[in-house]
Amino acid sequence: MKIYTVIAFFAVLSFADIAATAELPIPRSVPGDKGKYFLLEMQKNGDVVTALHKRVGVDSVGYTKTETNCATMQMRELGYSEESPAAIKENPTKWFDLVPGSSKSDLANFVCKQ
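The following paragraphs examine the structure supplied in this document.

Examining the overall build of the chain
In terms of helices and strands, the chain carries 3 helices and 6 strands. Of the regular secondary structure in the chain, the N- to C-terminal order runs α-α-β-β-β-β-β-β-α. For the chain, with 114 residues in total, the buried portion stands at 32%. Taking as baseline every contact in the chain between residues at least 6 positions apart, the subset at least 24 positions apart corresponds to 29%. Of the roughly 7,400 Å² of accessible surface on the chain, 57% is carried by carbon and sulfur atoms.

Topic: the nonpolar core
Residues Ile26, Leu39, Met42, Leu107 and Val111 are the most contacted members of the largest nonpolar core, which totals 14 residues. Only strand S2 (36-45), strand S3 (48-56) and helix H3 (103-112) provide two or more residues apiece to this core. Looking at this core, the element that brings in the most residues is H3, giving 5 residues.

Notes on the sheet that holds strand S6 (residues 96-97)
Strand order across the open sheet formed by 6 strands is S1-S2-S3-S4-S5-S6, with antiparallel pairing between neighbours. The strands lining the two open edges of the sheet, one partner per strand, are strand S1 (24-25) and S6. Running at roughly 45° to S2, H3 makes contact with S1, S2, S3, strand S4 (61-69) and strand S5 (74-81) of the sheet.

Description of the state of the cysteines
Taken as a whole and assessed by the stated rule, the structure comprises 1 disulfide. The partner cysteine of Cys70 in its disulfide is Cys112, sulfur to sulfur 2.0 Å. On the sign convention where negative is left-handed, the bridge of Cys70 and Cys112, at about -90° about the S-S bond, is left-handed. A residue pair is termed long-range when its members are at least 10 positions apart, and Cys70 in the loop between S4 and S5 and Cys112 in helix H3 qualify at 42 residues. Each member of the pair, Cys70 together with Cys112, is buried.

Describing H3
Across the 10 residues that make up H3, a large majority, 8, are buried. Where H3 is buried, its residues contact S1, S2, S3, S4 and S5.

What counts, and where the lines are drawn
Residues numbered from 1 in each chain as written. Predicted model: local features only at pLDDT ≥ 70, side-chain atom pairs only at ≥ 80, totals over all residues. Heavy atoms only, no water. Helix = DSSP H or I, 4+ residues; strand = E, 2+ residues; numbered from the N terminus. Buried < 20%, exposed > 50% of the residue type's maximum accessible area, 1.4 Å probe, protein only. Contact = heavy atoms within 4.5 Å. Areas by Shrake-Rupley, 256 points an atom, 1.4 Å probe, with all protein chains shown as cover. Core = buried A, V, L, I, M, F, W, Y, C linked by side-chain atoms within 4.5 Å. Pairing = 2+ DSSP bridges. Axes fitted to C-alpha atoms, helices over the stretch in contact; angles between N-to-C directions. Disulfide = S-S within 2.5 Å.

The following block contains the structure:
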């Protein structure tokens, strides 16, 4: 019984503290993008998920903070930086529809299933 309790505790801990424990790879639905995407942080508030993700490209690394409304499957960008997550200056965009197969669509599908 203690084994199951410990396993359940760590499963909850790793989900709640994504930023502190790991960079979770975000699966892509369409091949072709040479970048790799990783979820660094996420926080759910009702139907809205705030996420911080990293794109590691061929010659640059970028950090984007987004909000996704999982009920409507719309997103808005809160900010972007190529320096670090701490360097993101929030300047929210308007909510927009997601393009199937895009990296933002894959991000939304990933965080809304968590």
